[in-house]
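Below are the chains, spelled out letter by letter.
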Amino acid sequence: MTPTPFEALPLAAPLHRVLRELQYSVPTPIQAQAIPLLLQGRDLLGCAQTGTGKTAGFALPILHALHLQPRQVRPRSCRTLVLAPTRELAGQVGKSFATYGKHVNFRQTLVYGGVGQVPQVNAMRGGVDVLVATPGRLLDLIDQRHIDLGQVEFFVLDEVDRMLDMGFLRDVKRIVSMLPAKRQSLFFSATLAPNIVELARTILREPAHISIMPETTTAENIDQQVCFVAREDKRPLLDQLLRGQADAAQQKLTIVFSRTKHGANKLAKSLCAAGFAADAIHGNKSQAAREKALDRFKRGLTPVLVATDVAARGVDVKDVGLVVNFDLPNEPEAYVHRIGRTARAGADGRAVSFCSEDELEYLREIEKIIRMPIPRWDDHAWHIESLAERHSRGKSGGNHAPRPPSNGGGRGGGGGQRRNFGGNRRRSAAAR
Ligand code: AMP
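An account of the accompanying structure is given in this report. (Residues numbered from 1 in each chain as written. Predicted model: local features only at pLDDT ≥ 70, side-chain atom pairs only at ≥ 80, totals over all residues. Heavy atoms only, no water.)

1. A word on the nonpolar core
Here is the rule: To define a nonpolar core, start from buried Ala, Val, Leu, Ile, Met, Phe, Trp, Tyr and Cys residues and group those joined through side-chain atoms within 4.5 Å. The buried label goes to any residue with under 20% of its type's maximum accessible area, the exposed label to any with over 50%, and the partly exposed label to all in between, with areas taken from a 1.4 Å probe on protein chains only. A run of H or I in DSSP becomes a helix once it reaches four residues, and a run of E becomes a strand once it reaches two; helices and strands are each numbered from the N terminus. Here a residue-residue contact requires only that any non-hydrogen atoms of the pair lie within 4.5 Å.
With 39 residues, the main nonpolar core has L44, F58, L60, L63 and F97 as its most contacted residues. Of all the secondary-structure elements, those providing two or more residues to this core are helix 1 (13-22), helix 2 (29-39), helix 3 (54-68), helix 4 (87-100), strand 4 (128-133), strand 5 (154-157), strand 6 (184-189) and strand 7 (208-211). The greatest single-element share of this core, amounting to 8 residues, is contributed by helix 3. Every residue in contact with L44, bar those within four places of it in the chain, is listed here: A34, L37, L38, S185, L186, F187, F188, L204, P207, A208 and I210. Residues L81, I147, V160 and I203 belong to the second largest nonpolar core, which totals 33 residues.

Spelled out as structure tokens, the structure:
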């Protein structure tokens, strides 16, 4: 299925412009579902985690409305209120609004605890279009009459599950009680436990429901392996893997992930020189060049695609049989996203990650969030046992299942280990 491009969504011109500048071509699943509903003015109950693109999913339609209906905001008031559980998340959301609203004329501010309130009070004095706040400080400022919620048109509750874990239920209810009845409300949570659904019922009116299964669930069909290898040996190891792939009875497509744009280019070039039909996609390539590369990849004309994380986000290709993490991502969530490029639509897939000495910490972080050790593949010429041992020793005391036996280089090394990733995973936004 070809994903709908952003151009097909009826967003205002300044938003299309920024999406082009950001080189976002394809909406993520939550964006594709949420944006049309929100543009119609519907309330929304979204079950989705951070990393799914949900911030743009709500920020774009809100900015669209602010752009089309500019309005005078009363002193100390706001047209949009986004409630976030932590100061870090509030900061991220504020940043996203600033990014996506770069060409929209709007004012926003952040209100959170742990810092002096005076600048926040001053910022609210003239009123803002978007206020992103944590519940405690928001209520403080409301109680001191520095903020008035009587003009809110859009209300977003982000990461509600965390909000409740942190004991904000009463605060949230108080805040909701101060909002005008006529408003559009959006409610996002990574889980929908009964108490969360109950809360949603009291806030939303005939909401549309969207549930984005975390990428992690597809990982059940993926054979994951890690190779401990010196940085300079990654290249010959990749050749070996690609040759095996090319010899397979039914040739499948391969995506090789590189951390940098420059690295992606270099790697694609050297693969071509070694006789593999490869191409690179990354953020420095024009949209047209990326689409062309992707199209040739899909048709199997260049069965090896070297990609950076951002460029690979919209890649939804059925026949990707192998994902290689030539570099480990420094953001552990990206690992889940990357390996999710294979095993699409119920197919099986393999994901091989190369880990050199400088990447041990990244591997540790990844295994922490996927809550399992990635099975080792050490039956190749470039294996470094001392690195593997360092990794095993470095793991934090006993949280991991014992290492599975080496599987002789074939597929299925992790058979018994494969497991659904932690759907309830929660990480502090601060840790990202
Ligand atoms: P979020 O889940 O909102 O925290 O977004 C996760 C990351 O995905 C952010 O770094 C966004 O910049 C990026 N992102 C969101 N939507 C898209 C898209 N349609 N295409 C490419 N990147 C995106």
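2. A closer look at the packing of helix 3 against helix 4
Operational definition: Where helices are involved, their axes are fitted lines through C-alpha atoms of the stretch in contact, as for all axes, and angles between N-to-C directions lie from 0 to 180°. Any angle that is under 35 degrees is reported as roughly parallel, and any over 145 degrees as roughly antiparallel; angles of 65 to 115 degrees are reported as roughly perpendicular and all others as oblique. The handedness criterion is simple: a crossing whose near helix is rotated anticlockwise from the far helix by less than a right angle is left-handed, and one whose near helix is rotated clockwise is right-handed. Think of it as three bins: nonpolar holds Ala, Val, Leu, Ile, Met, Phe, Trp, Tyr, Cys and Pro, charged holds Asp, Glu, Lys and Arg, and polar takes everything else, Gly as well.
Interhelical geometry of helix 3 versus helix 4 gives an angle of 50° and a closest axis separation of 10 Å. When the interaxial angle is binned, helix 3 and helix 4 end up oblique. In the packing of helix 3 onto helix 4, the handedness of the crossing is right-handed. Contact residues: helix 3 offers T55, A56, F58, A59, L60, I62 and L63, while helix 4 offers V93, S96, F97 and Y100. When its residues are assigned to classes, the contact of helix 3 with helix 4 shows 9 nonpolar, 2 polar and no charged.

3. Some remarks on the pattern of salt bridges
Just so we agree on the cut-off: Whenever a carboxyl oxygen of Asp or Glu lies within 4 Å of a side-chain nitrogen of Lys or Arg, that contact is scored as a salt bridge.
For the coordinates displayed, the defined rule picks out 24 salt bridges. With a closest N to O distance of 4.0 Å, D327 and K234 form a salt bridge. Within this pair, whereas D327 is found in the loop between strand 12 (320-325) and helix 14 (332-339), its partner K234 is found in helix 10 (residues 234-247), the two being separated by 93 residues in sequence. For the salt bridge of R243 with D239, the shortest nitrogen-to-oxygen distance reads 4.0 Å. Linking R243 with D239, this pair stays in helix 10, spanning 4 residues, or about one helical turn. Overall, the relative accessible area of 42% leaves R243 in the partly exposed class. Of the residues examined, D239 reaches a relative accessible area of 14% and is grouped as buried.

4. Examining the pairing of strand 13 (residues 349-355)
Filter applied, for reference: DSSP calls a pair of strands paired once it identifies at least 2 bridges connecting them.
Of all the 7 residues making up strand 13, 7 are buried; the element is thus mostly covered by neighbouring parts of the structure. By the alternation rule, side chains of strand 13 split into G349, A351, S353 and C355 and R350, V352 and F354, which are all buried. Of the strand pairs in this sheet, strand 8 (residues 222-228) and strand 13 are connected by 7 bridges, and their pairing is parallel. Across the sheet, the residue bridging to D223 is R350, located in strand 13.

5. What about helix 8 (residues 169-177)?
It helps to recall that an α-helix has 3.6 residues per turn; residues three or four apart then point in one direction. Put simply, the test is: In this description, one arc is meant: the one made by directions from the helix axis to the C-beta atoms.
Restricting attention to buried positions, one finds in helix 8 the residues V172, I175 and V176. Down the axis of helix 8, the smallest arc covering the buried residues is 100°, so these residues share one side. Pointing more than 90 degrees away from the buried face of helix 8 are the exposed residues R170 and S177.

6. Concerning the pairing of strand 6
Sheet faces and side chains relate simply in a regular strand, where the side chains alternate between the two faces. Among the 6 residues that make up strand 6, 6 are buried, leaving the element largely enclosed by the rest of the structure. Of the two faces of strand 6, the one carrying Q184, L186 and F188 and the one carrying S185, F187 and S189 are both buried. Note: strand 1 (residues 44-47) against strand 6, 4 bridges, orientation parallel. The residue of strand 6 that forms the bridge with L44 is L186. Sheet topology places strand 5 next to strand 6; 4 bridges connect them, and they run parallel. Across the sheet, F154 pairs through a bridge with Q184, a residue of strand 6.

7. Some thoughts on the environment of L81
Along the chain, L81 falls in strand 2 (residues 78-83). Here L81 falls in the buried class, since its relative accessible area comes to 0%. In this structure, the C-alpha to C-alpha distance between L81 and D129, residues 48 residues apart in sequence, is 8.6 Å. What L81 contacts, discounting residues up to four positions off in sequence, is L131, A133, L138, L149, V152, F154, F155, V156, I175 and L179.

8. Describing the packing of aromatic side chains
As a reminder, the rule being used: When the centres of two rings from Phe, Tyr and Trp lie within 6.5 Å, Trp using its six-membered ring, the rings pair. Their planes under 30 degrees apart give stacked, over 60 give edge-to-face, and anything left gives tilted. Over a ring means this: the NZ of a Lys or the CZ of an Arg is within 6 Å of the ring centre and within 35 degrees of the ring normal.
Across all of its chains, the model carries 4 aromatic pairs by this definition. An angle of 65° between the planes, with centres 6.1 Å apart, marks the rings of Y24 and Y100 as edge-to-face. Of the two residues, Y24 sits in the loop between helix 1 and helix 2 while Y100 sits in helix 4, which places them 76 residues apart along the sequence. Ring plane angle 55° and centroid distance 5.9 Å describe the contact between F326 and F354, whose orientation is recorded as tilted. Highlighted residues: F326 in the loop between strand 12 and helix 14 and F354 in strand 13, separated in sequence by 28 residues. For the residue pair F326 and F354, the accessibility class agrees, reading buried in each case. Among the aromatic residues, those joined into a cluster by ring pairs are F58, F97 and F188. Stacked on the ring of F326, the Lys or Arg K234 has its end atom at 5.8 Å from the ring centre. Over the ring of W377 we find R350, and its NZ or CZ is 5.0 Å from the ring centre.

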